[in-house]
Amino acid sequence: MFIFDAHIDTLSRLLTRGEKLEDAQGHVKLEDLQAGARAQFFAAFVDPQYYHGLALHRTMEMIDLFWETLAAYPEALAFAGSAEEIIQATAQGRTACLLAIEGGEALEGKLSMLRLFYRLGVRLLTLTWNFRNDLAAGQWEGPQGGGLSRFGREVVEEMNSLGMLVDVSHLNEPGFWDVLEVSTDPVLASHSNAHALCPHPRNLTDQQIRALADRGGAIGVNFCAAFLEPSAQATSEHVVEQIAYLLQVGGEDCPALGSDFDGISQVPEGLETYNQIPKLIGLLEKRGFGAAVIEKVMGGNLLRLCREVLG
Ligand SMILES: [Zn+2]
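Keep in mind the model is a prediction, meaning the values are calculated, not measured.

A. Local environment of the overall build of the protein chain. Helix and strand counts for the protein chain stand at 12 helices and nine strands. Relative to its length of 311 residues, the protein chain is compact, with a C-alpha radius of gyration of 18 Å against a globular reference of 19 Å. Principal axes of the C-alpha set define a box for the protein chain whose edges measure 50 × 45 × 35 Å. For the protein chain, contacts bridging at least 24 residues in sequence account for 71% of all contacts bridging at least 6.

Okay, here's the thing in structure tokens:
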């Protein structure tokens, strides 16, 4: 079965620790990426220590690492910038690798940087991390952090015209609603869960889930234990619960995967590493879901969104 995950922080891990993918000691290993038909968004995460002067520089380093990694394993990994290229890569038995940026700080206030990032292969931007930036405010700022700035609106519009996925994970609520109003394309929450099952500020309310799904968007279920269960004592069943809930509230075109592997410290029991992701197929079958729905959740919904937005 085709598996497509919307968010991992492996680039961050590799760059910070100086590891190579073939000897990475984190959640994601080279051989796991190669197991079966796969597509994967790699996030270039802008760590707050690089804000105010080095955000662009750090992002460029991470984009270089992405391309160097693809060049190092040409038989295993292939760049994909469109749904067509995802299908091509998997038909060749290679993992389709898509590039994302997590944190609009990377733009350093310029739409020109967004356009250059697109040329460098970036197809998704998570507008904020947890704080306010010159696009919008992250959820740690609360509603008083405000919604999209004028620049943030311009970024969303430019992303729509370039064919990039707008990612609303990490945004505060006013920002979320502004994005839904401004974006002419469906949007993605690449790694977020349902607030009703786990009342963490990073998670989405039913109202948000419905509105995003009504506009054709998708939500990648995050495996971070604290976003699955307030005590952080989570298991793979909590992930299944999230998927079942998103199916119920958002419909069968809404749930996807956004594991956040290599970006989280507490993982669910039974889904500790990237190579465990296929276990979800059996768990969803046991829960009574049919093959067509499971295929959508495991990758079909994200692929459909890429087809609509990336062109
Ligand atoms: Zn994140």
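B. Spotlight on unusual backbone geometry. One non-glycine residue with positive phi stands out, namely His52, at about 60°. Among the structural elements, His52 can be located in the loop between strand 2 (38-45) and helix 3 (55-72). Assessed through the 9 C-beta atoms surrounding it within 10 Å, His52 is described here as exposed. Of note in the backbone geometry, Glu108 takes a positive phi value of approximately 45° without being a glycine. Relative to the elements of secondary structure, Glu108 occurs in the loop between strand 4 (95-102) and helix 5 (111-119).

C. Examining the nonpolar core more closely. Membership of the largest hydrophobic core comes to 99 residues, with the highest contact counts inside it found for Phe42, Ala44, Leu98, Ala100, Val166 and Ile219. For this core, the element with the highest residue contribution is helix 12 (residues 291-309), accounting for eight residues. Among residues more than four places away in sequence, those in contact with Ile219 are Ala189, Ser192, Leu204, Ile209, Leu212, Leu246, Gly250, Cys254, Pro255 and Ala256.

D. Region of interest: the environment of Ala76. Here Ala76 shows up in the loop between helix 3 and strand 3 (77-79). The partly exposed category is assigned to Ala76, around which 18 C-beta atoms lie within 10 Å. When the C-alpha atoms of Ala76 and Gly93 are compared, they prove to be 7.5 Å apart, with 17 residues separating the residues in sequence.

E. Representation of helix 12. Compared with the 27 Å implied by 1.5 Å per residue over 19 residues, the 25 Å span of helix 12 between its first and last C-alpha is a close match. If you look at helix 12, its biggest bend is around 65°, right at Val297. If you check which residues of helix 12 are buried, you get Ile294, Lys296, Val297, Met298, Gly299, Gly300, Asn301, Leu302, Leu303, Leu305, Cys306 and Val309. Two residues or fewer past helix 12, Gly311 is found with a positive phi of approximately 80°.

F. Seen up close, the environment of Leu271. Inspection of the secondary structure assignment puts Leu271 in the loop between strand 9 (255-257) and helix 11 (279-286). A tally of 25 C-beta atoms within 10 Å means that Leu271 is categorised as buried. Taking the C-alpha atoms as reference points, Leu271 and Gln208, separated by 63 residues in sequence, lie 27 Å from one another. When residues no more than four places from it in sequence are discounted, the contact partners of Leu271 are Phe223, Ser236, Val239, Gln276 and Lys279.

Cut-offs used in this document
Residues numbered from 1 in each chain as written. Predicted model: local features only at pLDDT ≥ 70, side-chain atom pairs only at ≥ 80, totals over all residues. Helix = DSSP H or I, 4+ residues; strand = E, 2+ residues; numbered from the N terminus. Rg over C-alpha atoms; globule rule 2.2 N^0.38 Å. Contact = placed C-beta atoms within 7 Å. Buried ≥ 20, exposed ≤ 12 C-beta atoms within 10 Å, placed from the backbone. Core = buried A, V, L, I, M, F, W, Y, C linked by C-beta atoms within 7 Å. Expected span 1.5 Å × (residues − 1). Bend = angle between axes of the 7 residues up to and from the residue.

That's the geometry; what it means functionally is another story.
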